Amino acid sequence: MSSIADTSVLPAQRRRLPAASSWTMTTAVSVALLALMPLGFVLWATVATGWETAQQLIFRSRVGELMINTILLVVFTIPICTLLSVALAWLTERSDLPGARLWSWLCVAPLAVPAFVHSYAWVGLWPGIHGLGAGIAISVVAYFPFVYLPVSAAFRLLDPALEDQAASLGLAPLAVFRRVVLPQLRLALCGGALLIGLHLLAEYGLYAMIRFDTFTTAIIDQFQSTYNGVAAYMLAVVLVVCCFVLLGLEAAVRGRRRYARLGPGVARQAKVARLGRWAYPCLLLPLVTSAFSLGIPAFTLGRWLVGGGTSIWRMDEIGLALSQTLVICLVGGLATTTAAVPIAWLSVRRPTRASRLLEACYYLASSMPGVVVALALVTITVRLLLPLYQTLATIVLAYVIMFLPRALVSLRASIAQVPMELEQAAASLGRSPANALWSTTVRLAAPGAAAGVALASLGIMNELTATQMLAPNGTRTLAMAFWALTGEIDYAGAAPYAVLMVLFSLPLTWLLHHQSKKIAGR
Amino acid sequence: MTLLQLNFLNKHFGAVAALDGVHLTATSGSRTAIVGPSGCGKTTLLRLIAGFETPDAGEILLDGHRIADADAQVPAHLRNIGIVAQDGCLFPHLSVVDNIGFGLKAERAVKLARASELLDMVGLDQAMLARKPDQLSGGQQQRVALARALARKPRLMLLDEPFSALDTGLRAATRKAVTEVLSTAGITTILVTHDQGEALAFADQLAVMRGGRFVQVGHPREVYERPVDAATAVFLGEAVLLPAVVTAGRAQTPLGVLAVEDLEFRGQTTVLLRPEQISVRRVEGGEGDGVITDLVFGGSTCNVCLTLGGTEAFSFRIDVPSRDIRSAGDRVAIGVDGPAHIFP
Ligand SMILES: Nc1ncnc2c1ncn2[C@@H]1O[C@H](COP(=O)(O)OP(=O)(O)OP(=O)(O)O)[C@@H](O)[C@H]1O
Ligand SMILES: [Mg+2]
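Everything numeric here is computed off the predicted structure, so don't read it as measured data.

Conventions we followed
- Residues numbered from 1 in each chain as written.
- Chains lettered and ligands numbered in written order.
- Predicted model: local features only at pLDDT ≥ 70, side-chain atom pairs only at ≥ 80, totals over all residues.
- Heavy atoms only, no water.
- Helix = DSSP H or I, 4+ residues; strand = E, 2+ residues; numbered from the N terminus.
- Buried < 20%, exposed > 50% of the residue type's maximum accessible area, 1.4 Å probe, protein only.
- Contact = heavy atoms within 4.5 Å.
- Areas by Shrake-Rupley, 256 points an atom, 1.4 Å probe, with all protein chains shown as cover.
- Phe/Tyr/Trp six-rings, centres within 6.5 Å; stacked < 30°, edge-to-face > 60°.
- Lys NZ or Arg CZ within 6 Å of the ring centre and 35° of its normal.
- Axes fitted to C-alpha atoms, helices over the stretch in contact; angles between N-to-C directions.
- Parallel < 35°, antiparallel > 145°, perpendicular 65-115°, else oblique.
- Domains from an automatic or database assignment.
- Buried area = accessible area lost by both parts, 1.4 Å probe.
- Salt bridge = Lys/Arg side-chain N within 4 Å of Asp/Glu carboxyl O.
- Polar contact = N/O pair within 3.5 Å; in protein donor to acceptor, adjacent residues only side chain to side chain.
- Nonpolar A, V, L, I, M, F, W, Y, C, P; charged D, E, K, R; others polar.

**Considerations on the overall build of chain A**
Alright, step 1. Broken down by element type, chain A carries 23 helices and 0 strands.
Alright, step 2. Within chain A, buried positions represent 53% of all 522 residues.
Alright, step 3. A fraction of 83% describes how many contacts in chain A between residues 6 or more apart in sequence connect residues 24 or more apart.
Alright, step 4. Element-wise, carbon and sulfur atoms account for 69% of the exposed surface of chain A, whose accessible area totals about 23600 Å².

**Topic: the packing of aromatic side chains**
Alright, step 1. Counted according to the given criterion, the structure contains 17 aromatic pairs over all chains.
Alright, step 2. Clustering of aromatic rings is evident, with ring pairs tying together Phe116(A), Tyr120(A), Tyr204(A), Trp304(A), Phe482(A), Trp483(A) and Tyr491(A).
Alright, step 3. The ring of Phe102(B) has Arg179(A) sitting right over it, with the charged end atom 4.1 Å from the ring centre.

**Details of the packing of helix 4 (residues 138–150) of chain B against helix 5 (residues 168–185) of chain B**
All names here are of chain B.
Alright, step 1. Relative to each other, helix 4 and helix 5 sit at 10 degrees, their axes nearing to 11 Å. Considering their axes alone, helix 4 and helix 5 lie roughly parallel with respect to each other. Two secondary-structure elements touch here, helix 4 through Gly139, Arg143, Leu146 and Leu150 and helix 5 through Leu170, Thr174, Val178, Val181 and Leu182.

**Quick look at the domain arrangement of chain B**
Residues and elements named next belong to chain B.
Alright, step 1. For chain B, the domain assignment lists domain 1 (2–230) and domain 2 (238–343).
Alright, step 2. The centre of domain 1, based on its C-alpha atoms, is set 39 Å off from the matching centre of domain 2.
Alright, step 3. Tallying the contact residues gives 7 residues for domain 1 and 7 residues for domain 2.
Alright, step 4. Taken together, the two surfaces of domain 1 and domain 2 that pack against each other cover about 620 Å², and 52% of this comes from carbon and sulfur.
Alright, step 5. Summed over the shared surface of domain 1 and domain 2, the number is 1 salt bridge.
Alright, step 6. Here glutamate 261 and arginine 226 are joined by a salt bridge, their closest N and O atoms 3.0 Å apart.
Alright, step 7. At the boundary of domain 1 with domain 2, the tally comes to 4 residue pairs in polar contact (both at pLDDT 80 or more).
Alright, step 8. Residue composition of the side of domain 1 that touches domain 2, by class: 4 nonpolar, no polar and 3 charged.

Quick look at the structure:
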């Protein structure tokens, strides 16, 4: 009797685990499909427009101008950011630069200032500033931390024994840097450069403020003035093609190899270079960089705040904007992290070709500019699901699409840290699978999830492009209010909003900095 | 002719004295082995010679030129000293041929030719040239690292436990290949190792290191037979240490009266016998010199505990050929060949 009962129970038990993971898979696939909607929309727009019209709208001088602007912007900004970041990372990680720890933090801090606030600060200081030169300069100070962060982490992970070895083979220090250090920084450099490139394509506020036209600003102009749908769609198509070009370039340059450290043991700590009498000249670099990337925003904001006195603190409006922003950030951050849970779990615990493909889909979707995501969601809701047009649900979906990888990275790292044996141990102590999962992995991965929420919220707080196009009627986030006020040339009135955004972003930026240190094990 | 000379080398890491007054002379074309327990400063010494660290005091002379002292150093890339680290330390982003040709300033074709020649020399297949380091086994990586260090015909080669990652069989083979390559090329070599057998087999000068200084430097046979102290004796191989009263070249020990070389010394001390000096033979019926109180069978030899008769029962462990000895309780006669060694 009992033996029959046993055998009938066992197979059912065994089938349970794949069932759970297939359920996870289904969710992950659904989220991926949602995330790929904007891309699908662009495809649809191209096909629906027809070749004839598309050709007319794409091959015209206006698009040519925008293209030249975009190419010049990318071609100048990325190399400058790369050089600057590598130099800064070397100084802060590999030399005895006085105050290296402080500088390393100050090199990340510009991320706390939204790009359009950088722009606003520069315009406040030099009212006539505009055009390509200004665009490049402001982009560099706003975005170089995207390269600095991974490169400084990579510096910390390098095995100095390789550099010693190269020296013993007769290479002078500069040659060692070129032939041994740089190749190992390649992954970090490529990743950071790609991130900057995508931001350059997607940013609206920064360039609109200094009247520098890019595809994104042009699409929004179209969208706001005439609502010339087809023309805007075609610009979006070109913009998406630009994104793909960047992604392809990065993949080609990066190559497929990861350079793992060979051999056993822990790498020796790297020696720091003695700067000696060069210390003070070298200090100039982080000093000047911080003066532009932090000093200018601080100065302009300070000036407006002092000049504006108490009258600019319209507490009711500011309070409303603040509470609305916090709600949107929190809801968006939570939704993003929740949406990332299935794929994070799959990619750590059940890594397969399918899970890797899904992950790639999320990354691809999130690299689409906010304006394209917003345009797609506006069009789809207006045409198909009007009740969802300009609702919290739609804007949160946009945030999920745009910021999911941020949550994914944090989640995956923390899930990977929890040994699966722990879950099994809990199960062997008599917990049900769900209970075991809850009492071990979920508990232990919670800090990572919190970091994921925080990082996604940081993105949402400083997001302007999609928020503007999708926000429910009557919503006025800090970023929107700031933008509206600068539009009315009320620079003083906009200052409190900028200050609030920076203040809220600072702790999150610190978290980012801290995380990158932790990844490197220090 | 002296190639390398180290005088009074000192190196501190915070409160830790990694090197504490190191002296060493290596003649041109010689092979020096440095042995010592973990953490005694071997790697630090090699890093100082290679130019990766700077000494706190003392000086390093190469070919009569001072290449480092506390104030000034010739940088590593100008020393032409090859080094092979414990884990090979190949450049992970470069193929085998690029790794080997890394330090050569020549055209690609020349590098390729030199690389394949060197690969032959260290006994690796030409097919490996195009591989990346992570597609090689530990032993192969080690040999590529050696080929890379040899490519520039260094004046001095430093080997930091290059064979420790390899299993026993491969280890002996790799060591033999390396020794051949180095002596053919006539390159002065310093080998650091944990393994005293390796050191004795490899070197024509053996340096025993402890606590950041050399306690003894000499020919391997000399150091093995006449170590300066008991710790060195035990470190270099099996040792039988006996309490003794010495007078005029004769030592009174539990094993009877033994000859000693030192005719001057008199008084109480400990003397050393190596196991190969002691012969153990089972006696049937008679009393013998001692009894086997414990026995561990180990194939060709047995490790036994011998307890000697006499006033205070003295016992020691020794390996004996297993053919003759059967079981604990056997009585044995003990013979000693050659003089015992007194620690100075
Ligand atoms: N970078 C460093 N910072 C601080 N202490 C160090 C450093 N390098 C070595 N030491 C210390 O110096 C001493 C000698 O180290 P070294 O690496 O030379 O030992 P070793 O003889 O090579 O040991 P092993 O046989 O285990 O490799 C050790 O006590 C070690 O802790
Ligand atoms: Mg060592």
